[in-house]
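# Structural overview for review
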Amino acid sequence: MMRDSYKRRVNLATRHDASTVTKYLMSSLTHFDAQGQAHMVDVAGKAHTQRVGVAGGRIEMLPATLAIIESGSAKKGDVLAIARIAGIMAAKKTSELIPLCHPLALTRVAIEFEVIPAANKPTAGLSCKATVETVGPTGVEMEALTAVQVALLTIYDMCKAVDRGMVITDVRLLEKHGGKSGSFVAAS
């Protein structure tokens, strides 16, 4: 189900010229002040609630590359174990990478991988899902997205010697829960 604010933006874009849409979108972007200057959002007055962000993505590769990962015979070590740790570390470092993100005390970061078999296709792959939680005044969507990206980049780094054609794709927010705006669940 599409959030109402997103529906309003889509409807506005279809009914108005570009300058009207741009003004509306700029006024609804929280990282800009009234003068259009970037700033870190003040979250001091927001309630501390349980916040959850879930992101996902995948990396496509040759079936032979996936076989190396599954067998544990990659020269650099256990690819998925190292990618899992990299994703957890990335979630914890998000505010150092994304300029206007708040540093957060994360209470949980979980990284899951699932094999995507070739099934009569030229490529196989792995999907990655990151679940990040905190109790605080702001959400953890960016932490979940960063965790997925870095976990998948780590897989690429560890396997690039045998497959430079791997493709990282479909990284997106899957779910968000907590806070004033409530829940968001992406369409399948």
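Up top you'll find the structure we're talking about.
Described in the following lines is the structure provided in the data block. Computed from a prediction, not measured in an experiment: that's the story for all the values here.

Taking 1.5 Å per residue as the helical rise, helix H4 (residues 79-92) with its 14 residues ought to reach 20 Å, and the 20 Å between its terminal C-alpha atoms agrees with that figure. Residues Val-79, Ala-83, Ala-86, Gly-87, Ala-90 and Ala-91 constitute the buried set of H4. Along the long axis of H4, the arc covered by the buried residues comes to 135 degrees, so they all point the same way. Check the buried side of H4 and you find it contacts helix H3 (63-71), helix H5 (94-97), strand S2 (106-116), strand S3 (124-136) and helix H6 (141-159).

A few words on the sheet that holds strand S4 (residues 167-177). Ordered by their spatial adjacency, five strands build an open sheet running S2-S3-S1-S4-S5, and the pairing between neighbours is antiparallel. Both edges of this open sheet fall to S2 and strand S5 (184-185), since each of them pairs with a single strand only. Both strand S1 (residues 49-61) and S3 contribute to a ladder of 13 bridges, which runs antiparallel. By the bridge assignment for S3, Glu-60 is matched with Gly-125. Each of S1, S2 and S3 is contacted by H3, which is oriented at about 55 degrees to S3, the strand it contacts most.

Turning next to the nonpolar core. Membership of the largest hydrophobic core comes to 28 residues, with the highest contact counts inside it found for Met-61, Ile-111 and Ile-155. The set of elements that each furnish at least two residues to this core consists of S1, H3, H4, S2, S3 and H6. In contact with Ile-155, not counting residues within four places along its chain, are Ile-59, Met-61, Ile-69, Val-79, Leu-80, Ala-83, Phe-113, Leu-126 and Met-166.

By the secondary structure assignment, Ala-83 is in helix H4. Sequence separation between Ala-83 and Val-148 is 65 residues; the distance between their C-alpha atoms is 9.4 Å. If sequence neighbours within four positions are ignored, Ala-83 has contacts with Phe-113, Ala-151, Thr-154 and Ile-155.

Time to look at the pairing of S1. In the sheet, S1 pairs with S4 via eight bridges, with the strands oriented antiparallel. Opposite Ala-55, over in S4, you have Leu-173 as the bridge partner.

Topologically, Thr-169 is positioned in strand S4. A polar contact of 3.5 Å, which involves the side chain of Thr-169, links it to the side chain of Asp-170. When residues no more than four places from it in sequence are discounted, the contact partners of Thr-169 are Gly-57, Arg-58 and Glu-60.

Let's shift gears to the packing of H4 against H6. When two helices pack together, their arrangement is given by the angle between the helix axes and the distance between those axes. In the contact formed by H4 and H6, the axes pass within 7 Å of each other and the chain directions differ by 145 degrees. With respect to the hand of their crossing, H4 and H6 are arranged in right-handed fashion. Between H4 and H6, the contacting residues are Val-79, Leu-80, Ile-82, Ala-83, Ala-86, Gly-87, Ala-90 and Ala-91 on the first element and Glu-143, Thr-146, Ala-147, Val-150, Ala-151, Thr-154, Ile-155, Met-158 and Cys-159 on the second. Considered class by class, the residues forming the contact of H4 with H6 number 13 nonpolar, three polar and one charged.

As a further point, take the pattern of salt bridges. The final tally for this structure, using the stated rule, is six salt bridges. The partner of Arg-58 in a salt bridge is Asp-170, and the shortest N-O contact between them spans 2.1 Å. Of this pair, Arg-58 sits in strand S1 while Asp-170 is found in strand S4, placing the two residues 112 residues apart along the sequence. Assessed through its relative accessible area of 44%, Asp-170 is described here as partly exposed. Here Lys-160 ties to Asp-157 by a salt bridge, and the two come within 2.6 Å at their closest N and O atoms. Residue class for Lys-160 comes out partly exposed when judged on its relative accessible area of 27%. For Asp-157, a relative accessible area of 35% gives the class partly exposed. Connected through shared salt-bridge partners, Arg-58, Glu-60 and Asp-170 make up one network.

Conventions adopted
Residues numbered from 1 in each chain as written. Predicted model: local features only at pLDDT ≥ 70, side-chain atom pairs only at ≥ 80, totals over all residues. Heavy atoms only, no water. Helix = DSSP H or I, 4+ residues; strand = E, 2+ residues; numbered from the N terminus. Expected span 1.5 Å × (residues − 1). Buried < 20%, exposed > 50% of the residue type's maximum accessible area, 1.4 Å probe, protein only. Arc of directions from axis to C-beta. Contact = heavy atoms within 4.5 Å. Pairing = 2+ DSSP bridges. Axes fitted to C-alpha atoms, helices over the stretch in contact; angles between N-to-C directions. Core = buried A, V, L, I, M, F, W, Y, C linked by side-chain atoms within 4.5 Å. Polar contact = N/O pair within 3.5 Å; in protein donor to acceptor, adjacent residues only side chain to side chain. Left-handed = near helix turned anticlockwise from the far one by under 90°. Nonpolar A, V, L, I, M, F, W, Y, C, P; charged D, E, K, R; others polar. Salt bridge = Lys/Arg side-chain N within 4 Å of Asp/Glu carboxyl O.

Everything listed here is a matter of geometry and, on its own, says nothing about what the molecule does.
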